[in-house]
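# Residue-level structural notes
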Amino acid sequence: MKKFYHIILWAGILLLPCCSIYQKYESSATVPDQVMGDIVDLRDTVSVASMDWHDLFQDPLLQQLIEKALANNTDMRTAQLSIEQVQNEVKAARWGYAPTLALTPQATYQSLGGQNSLNVTLPVSASWQLGIFGQTRSKIRKAKAQQAYAEDYKQAVQVNLAAHVADLYYTLAMLDRQLEIAEQTEILWTESLNTARSLYEAGIFQSPAVYQMEASLASIRTEIVDLRYSILLTEASLCQLLAEPPHRIERSALASFQVPEQIHVGLPIRLLAARPDVRMAEHNMEIAYYGTQQARQAFFPSISIDGLFGLGSVNPALMLGQAVASLAQPVFAGGKLNAQLKNAKAEQEKAQLEFVQTLIDAGNEAYLYLHACRTAEEKSVHLDTRVNALQEAFHATSELMNHGSTTYLEVLTAQESLLAAQLEQVSNQYDLVVSLVDLYSALGGFGQ
């Protein structure tokens with residue numbers, strides 16, 4: 001009885017310093033102050049981040065493209081396969097609690113003094129790693145953390161893919177509008193060239209006016225060719241995301257997109273809850289934590305029970321049986337184990353640094369994209385005024401040219417200024433839409 005108490009005492013002394021090897025990971029992550037700058041919204045109203053992407057981007061053609069990309073894109077399918085692989089690793093880790101069995105049949109033939117004998121045995125060997133120091137438990141927990149990481153990675157791929165599809169879709173809408181403006185400009189400039197030629201024939205304009213008009217018309221026709229090629233390239237890029245051969249993409253007009261009346265992002269905690277890369281960084285800390293646990297557990301002995309049982313052909317009534325318990329305690333591997341533990345701790349520190357940097361990057365993205373949306377909104381008012389004024393100026397100078405009471409330089413200036421303003425107006429509309437797409441993605445949207 002006294003010996004039993006000694007065993008309990010020594011077991012307690014052995015286990016006392018290693019209580020930490022059984023502890024489950026608990027997050028100690030903190031959000032850096034002002035991680036999103038001055039854009040934090042203390043209201044509890046619905047923010048852009050909490051909106052379903054179907055509600056924010058209501059264009060049915062875009063919705064179809066995003067859903068098709070999520071179903072067919074190679075990166076998405078690869079991410080799903082990665083999740084399945086990690087799920088298998090979790091299942092394999094759980095089997096660490098069970099013994100391993102193996103059938104090892106043997107046949108022995110012996111010839112001695114003319115006497116031949118054949119002995120066949122059918123033993124089953126078993127091995128059971130007890131893992132009383134939490135080795136199997138840590139392995140399972142680490143595998144589960146890796147599974148969660150893989151699931152968040154898939155969501156990150158989904159967010160990036162949907163945002164990329166939306167960006168290309170609205171790029172096509174912008175190019176369509178720019179092409180429409182260029183083609184309308186070509187018609188107007190052709191009329192101006194015909195007027196200049198008539199005035200030249202009447203002796204009112206000189207030949208340089210006609211040549212300058214021809215050069216301007218040639219430039220806009222060149223721009224039309226470039227725009228058509230840009231549309232072709234963008235459609236091909238979008239088809240790649242859909243895992244389809246190049247073809248024409250049906251789309252709506254850029255002006256059909258409705259920007260929310262108020263754009264706000266909500267609290268930083270929403271950013272943490274929605275962004276998959278932030279959760280990935282968190283799971284990476286968890287994986288590193290269990291890696292350190294495994295490095296600590298390597299200092300403790302490995303206890304296993306091995307057994308052998310079966311039947312023999314010489315005397316089938318006799319059972320073969322053997323059981324051996326063994327304990328392997330690392331003795332001369334201290335330097336290697338210490339190095340592994342130090343490296344595991346370093347990985348934990350690196351994971352924490354990467355987590356904080358991920359938060360900073362996430363807040364910086366949200367900060368910049370929100371201000372990009374607001375900047376585009378502010379510019380749109382001034383650009384509308386500018387385009388309207390230049391349209392009036394162009395019509396006025398065209399009328400004066402028709403009556404021969406203005407120079408061709410004033411007409412050219414009005415034409416080129418109007419074209420530049422219209423193209424800038426379209427680009428600003430595109431910037432507003434894409435900035436909203438990027439902001440939604442930066443807040444973890446498209447992953448719902």
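So, here's what we can say about the structure. In this text the structure is predicted, and so the values were computed from the model without any measurement.

Before going further, it helps to examine the overall build of the protein. Helix and strand content of the protein: 10 helices and 5 strands. Looking at the 448 residues of the protein, the share that counts as buried comes to 39%. Contacts spanning at least 24 positions in sequence make up 83% of the contacts within the protein whose residues lie at least 6 apart. Taken as a whole, the protein presents about 25300 Å² of accessible surface, with 57% of it coming from carbon and sulfur.

Turning next to the packing of aromatic side chains. Counted by the stated rule, this structure contains 5 aromatic pairs. Considering the side-chain rings of Y170 and F257, the 5.4 Å spacing of their centres and the 75° angle between planes classify their relative orientation as edge-to-face. Here Y170, found in helix α5 (residues 135-201), pairs with F257, found in the loop between α6 (207-241) and α7 (268-274); they are 87 residues apart in sequence, far enough to count as distant. Pair check on accessibility: Y170 and F257 agree, each one buried. Aromatic ring contacts, followed pair by pair, group F57, Y169, Y170, F257 and Y440 into a single cluster.

Let us look at helix α8 (residues 276-297). Relative to the 32 Å expected for 22 residues at 1.5 Å per residue, α8 spans 31 Å between its end C-alpha atoms, a close match to the ideal helical length. Across the 22 residues of α8, 17 count as buried, placing the element largely inside the fold.

Among the surface-exposed residues, Y229, L232 and L233 lie close enough to one another that they form a single nonpolar patch of about 320 Å² accessible area. Within the fold, L232 resides in helix α6.

Attention now goes to the environment of M285. Structurally, M285 can be placed in helix α8. Its relative accessible area of 8% is what places M285 among the buried residues.

Considering all chains together, one arrives at 13 salt bridges under this definition. Across the pair R279 and D152 runs a salt bridge, and its minimum N-O distance is 3.1 Å. Within this pair, whereas R279 is found in helix α8, its partner D152 is found in helix α5, the two being separated by 127 residues in sequence. Residue classification places D152 among the buried residues on the basis of a relative accessible area of 7%. In the salt-bridge network here, residues are joined through shared partners; they are D176, E235 and R251.

Another aspect to go through is the nonpolar core. Counting residues in each nonpolar core, the largest one holds 60 residues, and the members touching the most others are F57, L62, V165, Y170, L238, L254 and F446. Elements with a contribution of two residues or more to this core: α2 (53-56), α3 (60-72), α5, α6, α9 (334-402) and α10 (408-442). The greatest single-element share of this core, amounting to 20 residues, is contributed by α5. Residue contacts for L254: discarding those within four places in its chain leaves Y170, A173, M174, V426, Q429, Y430 and V433. Counting 11 residues, the second-largest nonpolar core is a separate cluster that includes M285, Y289, Y290 and F355.

The next subject is the side chain of Q422. Structurally, the position occupied by Q422 is in helix α10. Residues within four places of Q422 in sequence aside, it is in contact with I181, T185, V387 and Q391.

A few words now on the environment of D384. Of note, D384 is situated in helix α9. Residue class for D384 comes out partly exposed when judged on its relative accessible area of 34%.

Further remarks concern the packing of α5 against α6. It is the contact of α5 with α6, at a shortest axis distance of 8 Å, that shows an interaxial angle of 160°. Put simply, α5 runs roughly antiparallel to α6. You can see that α5 and α6 cross each other, and the crossing is left-handed. Looking at the contact of α5 with α6 residue by residue, the class counts come to 20 nonpolar, 12 polar and 8 charged.

What follows concerns the environment of M51. Structurally, the position occupied by M51 is in the loop between α1 (2-15) and α2. Sequence spacing of M51 and Y440 is 389 residues, and the spatial spacing of their C-alpha atoms is 8.9 Å.

The rules behind these values
- Residues numbered from 1 in each chain as written.
- Predicted model: local features only at pLDDT ≥ 70, side-chain atom pairs only at ≥ 80, totals over all residues.
- Heavy atoms only, no water.
- Helix = DSSP H or I, 4+ residues; strand = E, 2+ residues; numbered from the N terminus.
- Buried < 20%, exposed > 50% of the residue type's maximum accessible area, 1.4 Å probe, protein only.
- Contact = heavy atoms within 4.5 Å.
- Areas by Shrake-Rupley, 256 points an atom, 1.4 Å probe, with all protein chains shown as cover.
- Phe/Tyr/Trp six-rings, centres within 6.5 Å; stacked < 30°, edge-to-face > 60°.
- Expected span 1.5 Å × (residues − 1).
- Patch = residues over 30% accessible without salt bridge, like charges linked within 9 Å, V, L, I, M, F, W, Y side chains within 5 Å.
- Salt bridge = Lys/Arg side-chain N within 4 Å of Asp/Glu carboxyl O.
- Core = buried A, V, L, I, M, F, W, Y, C linked by side-chain atoms within 4.5 Å.
- Axes fitted to C-alpha atoms, helices over the stretch in contact; angles between N-to-C directions.
- Parallel < 35°, antiparallel > 145°, perpendicular 65-115°, else oblique.
- Left-handed = near helix turned anticlockwise from the far one by under 90°.
- Nonpolar A, V, L, I, M, F, W, Y, C, P; charged D, E, K, R; others polar.

Scope: geometric values only; no functional claims are made or implied.
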